[in-house]
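So the chains spell out like this:
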Amino acid sequence: MSFDRLREPLWVILLVTFSLVAFWSILQRALWEPDEGRYATIALNMAQNGDWLVPIQNGYAHLDKPPLSMWLTAVFFKLFGVHDWMIRLVSWFSGVWLLLIAGLLSKQLGG
């Protein structure tokens, strides 16, 4: 059996292993304050109030960070409910997609 035949299953195994370990790790600890709590509050306000344009925290516009992660977290709150680990799920999905895209890109470029 040549190494070329093992390469694709190896990528799948690595992706699944990374995904499971990363998902397990987001379930293991509480939120890191103040940052994760702040962004969770902003996303929760978006999900509850329906104001998706301007991120609001404590009645003030929070324009320090790009709002994409807060938007995605608010969508996840709407779809799956409000949980501590849901805040990290956006980062987990981003990491899995990044690995998948890097693997497909390296397969295309490497032959």
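Use the structure listed above.
Residues numbered from 1 in each chain as written. Predicted model: local features only at pLDDT ≥ 70, side-chain atom pairs only at ≥ 80, totals over all residues. Heavy atoms only, no water.

1. Description of the overall build of the protein
- Across its full length, the protein holds four helices and two strands.
- Expected size for 111 residues packed as a compact globule is a radius of gyration near 13 Å; at 18 Å, the protein overshoots this value by more than 25%.
- By principal-axis analysis of the C-alpha atoms, the protein measures approximately 65 × 30 × 25 Å.
- A fraction of 55% describes how many contacts in the protein between residues 6 or more apart in sequence connect residues 24 or more apart.
- Element-wise, carbon and sulfur atoms account for 68% of the exposed surface of the protein, whose accessible area totals about 8100 Å². (Helix = DSSP H or I, 4+ residues; strand = E, 2+ residues; numbered from the N terminus. Rg over C-alpha atoms; globule rule 2.2 N^0.38 Å. Contact = heavy atoms within 4.5 Å. Areas by Shrake-Rupley, 256 points an atom, 1.4 Å probe, with all protein chains shown as cover.)

2. Examining the pattern of salt bridges
- Considering all chains together, one arrives at two salt bridges under this definition.
- Here Arg 38 makes a salt bridge to Asp 35, at a shortest N to O gap of 3.0 Å. Here Asp 35 and Arg 38 lie together in helix H2 (residues 35–49), a separation of three residues that amounts to about one turn.
- Of the residues examined, Asp 35 reaches a relative accessible area of 41% and is grouped as partly exposed.
- The residue Arg 88 makes a salt bridge to Glu 36 at a minimum N-O spacing of 2.9 Å. Of this pair, Arg 88 sits in helix H4 (residues 86–110) while Glu 36 sits in helix H2, and the two are 52 residues apart along the sequence.
- Owing to a relative accessible area of 5%, Arg 88 belongs among the buried residues under this scheme. (Salt bridge = Lys/Arg side-chain N within 4 Å of Asp/Glu carboxyl O. Buried < 20%, exposed > 50% of the residue type's maximum accessible area, 1.4 Å probe, protein only.)

3. So, the packing of aromatic side chains
- What the rule picks out here adds up to five aromatic pairs.
- Plain terms: the ring middles of Trp 92 and Phe 93 are 4.9 Å apart, the flat faces sit at 65 degrees to each other, and that makes the pair edge-to-face.
- Put simply, the rings of Phe 23, Phe 76, Phe 80, Trp 85, Trp 92 and Phe 93 touch in pairs and so form one group of aromatic residues.
- In this structure, Arg 38 is placed above the aromatic ring of Tyr 39, and the distance from its NZ or CZ to the ring centre is 5.8 Å. (Phe/Tyr/Trp six-rings, centres within 6.5 Å; stacked < 30°, edge-to-face > 60°. Lys NZ or Arg CZ within 6 Å of the ring centre and 35° of its normal.)

4. Considerations on the packing of H2 against helix H3 (residues 68–80)
- Contact geometry of H2 with H3 gives a least axis separation of 8 Å together with a crossing angle of 60 degrees. As far as their axial angle goes, H3 and H2 are oblique. Helix-helix and strand crossings are classified by hand; for H2 and H3 the assignment is right-handed. In contact with Tyr 39, Ala 40, Ile 42, Ala 43, Leu 44, Met 46 and Ala 47 of H2, H3 contributes Met 70, Trp 71, Thr 73, Ala 74, Phe 77 and Lys 78. (Axes fitted to C-alpha atoms, helices over the stretch in contact; angles between N-to-C directions. Parallel < 35°, antiparallel > 145°, perpendicular 65-115°, else oblique. Left-handed = near helix turned anticlockwise from the far one by under 90°.)

5. What to know about a nonpolar patch on the surface
- Taken together, Trp 52, Leu 68, Trp 71, Leu 72, Val 75, Leu 79 and Phe 80 make up a surface patch of nonpolar side chains, about 650 Å² in accessible area.
- A relative accessible area of 35% means that Val 75 is categorised as partly exposed. (Patch = residues over 30% accessible without salt bridge, like charges linked within 9 Å, V, L, I, M, F, W, Y side chains within 5 Å.)

6. A closer look at the nonpolar core
- In terms of nonpolar packing, the biggest core is built from 18 residues, with Met 46, Ala 74, Phe 76, Phe 77, Met 86, Leu 89 and Trp 92 touching the most fellow members.
- Ranked by residues supplied to this core, first place goes to H4 with six residues.
- Leaving out residues up to four positions away in the same chain, Met 46 has contacts with Asp 51, Trp 52, Pro 55, Met 70, Trp 71 and Ala 74. (Core = buried A, V, L, I, M, F, W, Y, C linked by side-chain atoms within 4.5 Å.)

Keep in mind these values describe shape, not function.
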